[in-house]
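# Working through the structure, step by step
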Amino acid sequence: MQQADLMLKGGVVLTMDPAYRVYAPGAVVIQGRDIIAVGPLADIASRFAATQTLECAEQVIMPGLINTHTHMPMSLLRGLADDLRLDVWLYGYILPVEKQFVNPEFCYLGTLLSCAEMIRGGVTCYADMYYFEEEVAWATVEAGMRAVCGETVIKFPTPDAPSYDESLTYCRDFLRNWHGHELIVAAPAPHSVYMCTPEILQATTELAREFDVPLLIHVSETADEVEHWVNQTSMPPLRWLEAQGVLEAKVLAAHCVHLNHEELHILRKHNVGVAHNPTSNLKLASGFAPVAGMLENGVHVGLGTDGCASNNNLDLFEEMHLSALISKAVTRDPVMVPARQALAMATISGAKALHLDHLIGSLEAGKRADIAIVDLNSLHNVPRFETTGLNIYSQLVYAAQSSDVRHVIINGRVVMHDRQLLTLDAGSIIQQARQIGEDVNQFFIQREQSLLEKVAAIGGLEREESYEVQVKARIQNKELVVQALQRSDIAIVKESVREQYDTYFFFSDPDWGMLRHREDLVREADGSISPIYTLTAMGPTKEAEYGNAIVLTRSRLTAPADRTLRFYREYFRPREERQVNKKRWRYRIRYHGVDMAVNIDEIIQPAREGWYLEIKSRTWSSRDAERKAALISELLHILGVAPENLVRQDYVDFAASLEERRA
Ligand SMILES: [Zn+2]
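Residues numbered from 1 in each chain as written. Predicted model: local features only at pLDDT ≥ 70, side-chain atom pairs only at ≥ 80, totals over all residues.

## Observations concerning the nonpolar core
Our working rule: What we call a nonpolar core is a set of buried Ala, Val, Leu, Ile, Met, Phe, Trp, Tyr and Cys residues whose membership is set by joining through C-beta atoms within 7 Å. Every C-beta atom is placed from the backbone, and the number of other C-beta atoms within 10 Å of a residue's own sets its class: buried at 20 or more, exposed at 12 or fewer, partly exposed in between. Secondary structure is summarised from DSSP: a helix means a run of H or I of at least four residues, a strand means a run of E of at least two, and numbering begins at the N terminus for each. The source of the domain bounds is an automatic or database domain assignment. We call two residues in contact when their backbone-placed C-beta atoms lie within 7 Å.
Counting residues in each nonpolar core, the largest one holds 172 residues, and the members touching the most others are Val28, Ile61, Leu112, Ile119, Ala186, Ala187 and Val274. The element best represented in this core is helix H3 (residues 104-120), accounting for 10 residues. Viewed by domain, this core spans two of them, domain 1 (65-355) and domain 2 (460-662), each represented by three or more residues. Apart from residues lying up to four places away in sequence, isoleucine 119 is in contact with Ala143, Met145, Val408, Val415, Met416 and Leu421. Counting 23 residues, the second largest nonpolar core, distinct from the first, contains Val481, Ile589, Val598 and Leu635.

Rendered as structure tokens:
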């Protein structure tokens, strides 16, 4: 009789070994961190005695599930903002909150929360891509889990590094500190082709090869990403990564939703593992990864949940279920991705994708004891059949739930027994996570109270308040005004012709004023057109009036608008929208030492007869404003504007709201 530490007895042993051997009733013997024997119960019981025994009758003993793609700390942002387009979700919510909250404590706690959830769902190993991976790794060790921890490197400042040089230094130190650890594989994770420079990809590839660890990267998640990359480099992202030499490392590519036929071969040729994330791809409407095609080409495909902010859980049972169903629907072929293959993706195939199949992914003597034991006694799991030899796989993939997982063993250690977590204090984790949730809530409540805060949150803004003295009038003859400007006491500094497309947002709260998005198409001297996009938050009221309809207005903040109008519409959710399109002849002039803009506008939408004249000058004090108002009065006279033609309305007041126009 050979003595061992732990024996799992009875029940159905699903080995997921190359022959897909099943033992029912079977047994698994564990010594230290390793599996030392797997086989029929009678045979094992006659050869081994164990210090500790787990009775597993009516249960399935299978390899622990492997989550090949996630962002662990993001479980703390679960449900923050859903049902949004990717850019609004990322730039409007995730990035601002990450900037404010992501620090080492956040990452540690978020990882504990994710580990607890995953262990309860039978997951024993995961691959992560985030920041402060030292903390992620430490929390994972506390939980007793196994992980490939990918330190994210991008070309922008991150929560853990102000520049990518420092990010690479952090990454190298992290790889060195954790090299050879029993549970943790420290890896570089250049985010994606579009967030990295060729130098970052080269440096991280060298790191991965030097330490012989996987390189984690997002690849071809959306059609936009691929289209953009093809336009820029004339190659799709995976082909381009091959050309850059990145695939010489042991690569784990997340998503791979939009691949062409050639790229399927590239995956196989370079033994690139794929992390397929069905829920995330569905939720963000990214598309359907060609999983059936990958599997036919012998590509190692694992399953991932992606981060909780785009899922919103870490449930590998759901991913198995969806991966099988989606592949059938997309190929219109119900035999595609059968249950056993779906379970393989969550176990042995996932281990191959992580380049860790020499250690985990199947129940075989010599491998690490990473095991999930699933109870089949619940209502949704009965009855059971043995008609095809494959029923047990169907049971797990189509009927079972993550809450059916009863015991979990990682690296030979029981980390969950009878659904009780043995390494983590779930109550305390929940309490701390709720506190973070409250802080994030407050941050958003604050932000949603003010338009300026909301504008500032999406970054890159000049917080500058400016005042303008201005007047507007109808004119009958544009040429007469242009001629009148040709005087010796008026210097025309610069002139331009432009088309301006303005969209005004109005809000329920009148204190918010209005927000203007302007597309300014400036016609250059050579006839070319260069567009300028700006976003301007405008004061709700006129500040002062000086007679002759000359008013003082306040624009609180102007910034380059580097996102689409659609983005701003979805992010600010205005109550009402109005549009003004016009052609503008703009003259920058100097009159009595004062800089002014004289605009002659033809309003195209809403269509108006004739032209409008605007005279504007920036101002900084009320005395200065009074002086400029007097000069503008003089100019009105010079340019022949009769008092009855002065206009007190803004152009936007001419425009009906989009809603009214549609009606
Ligand atoms: Zn991801």
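## Points about the pairing of strand E14 (residues 273-276)
Going by this rule: Think of it this way: DSSP has to see at least two bridges between two strands before they count as a pair. Seen with its strands pointing away from the viewer, a crossover is right-handed if its path from the first strand over the helix to the second goes clockwise.
The two faces of E14 match: Gly273 and Ala275 on one face and Val274 and His276 on the other face are all buried. One ladder, built from three bridges, connects strand E13 (residues 250-255) with E14; its direction is parallel. Across the sheet, residue alanine 254 finds its bridge partner in E14, namely alanine 275. On the question of chirality, the crossover connecting E13 to the parallel E14 by way of helix H9 (residues 261-269) is right-handed. Looking at chain direction, E14 and strand E15 (residues 301-303) are connected through three bridges and run parallel. Looking at the pairing, histidine 276 lines up with leucine 303 of E15.

## So, the environment of valine 148
Within the fold, valine 148 resides in strand E10 (residues 146-153). The exposure class of valine 148 is buried, given the 23 C-beta atoms found within 10 Å. Along the chain, valine 148 and lysine 628 lie 480 residues apart, while their C-alpha atoms are 66 Å from each other. When residues no more than four places from it in sequence are discounted, the contact partners of valine 148 are Ala127, Val185, Ala187, Pro214 and Leu354.

## Some details on the domain arrangement of the chain
Basically, it comes down to this: Charged means Asp, Glu, Lys or Arg here, nonpolar means Ala, Val, Leu, Ile, Met, Phe, Trp, Tyr, Cys or Pro, and polar covers whatever is left, Gly included.
Split by domain assignment, the chain resolves into domain 1 (65-355) and domain 2 (460-662). Just the C-alpha atoms count here: the centres of domain 1 and domain 2 sit 48 Å apart. Taken residue by residue, the interface counts six residues in domain 1 and four residues in domain 2. Residues belonging to the side of domain 1 that touches domain 2 are distributed by class as follows: three nonpolar, one polar and two charged.

## Observations regarding the sheet that holds strand E17 (residues 405-410)
For clarity, the threshold we go by: Simply put, an axis is a line fit to the C-alpha atoms, just over the touching stretch for a helix, and the angle between two N-to-C directions goes from 0 to 180 degrees.
Judged by pairing direction, the sheet is mixed, and its seven strands sit side by side in the order E3-E2-E7-E16-E17-E18-E19 without closing on themselves. Two strands bound the open sheet, and with one partner strand each, they are strand E3 (22-23) and strand E19 (420-421). For strand E2 (residues 12-14) and E3, the ladder comprises two bridges, and the chain directions are antiparallel. Its bridge partner lying in E3, leucine 14 is registered against valine 22. Of the strands in this sheet, E17, strand E18 (413-417) and E19 touch H3, which is tilted by about 80 degrees from E18.

## Let's talk about the sheet that holds strand E1 (residues 2-9)
Across the sheet, which stays open at both edges, the four strands sit in the order E5-E4-E1-E6 with mixed pairing between neighbours. With partners counted over all chains shown, the strands left at the sheet margins are strand E5 (34-40) and strand E6 (48-55), one partner each. If you compare each strand with its neighbour and ignore which way they point, the axes differ by 30 degrees on average. Relative to strand E4 (residues 26-31), E1 is paired through four bridges, and the arrangement is antiparallel. Residue pairing for E4: methionine 7 is matched across the bridge by valine 29.

## Looking at unusual backbone geometry
Among all residues except glycine, the phi angle is most often negative; among peptide bonds, the trans geometry is most common. In this model, asparagine 311 is joined to asparagine 312 through a cis peptide bond whose omega is 10 degrees. Turning to its location among the elements, asparagine 312 is positioned in the loop between E15 and helix H12 (316-331). Between valine 382 and proline 383 the backbone carries a cis peptide bond, its omega angle lying at -5 degrees. Structurally, the position occupied by proline 383 is in the loop between strand E16 (371-375) and helix H15 (391-399). With a phi angle near 60 degrees, histidine 355 is a residue other than glycine that sits in the positive phi range. Backbone geometry places alanine 549, a non-glycine residue, at a positive phi of 60 degrees. Position of alanine 549 relative to the elements: it lies in the loop between strand E24 (544-545) and strand E25 (551-560). The class for alanine 549 is partly exposed, based on 17 C-beta atoms found within 10 Å.

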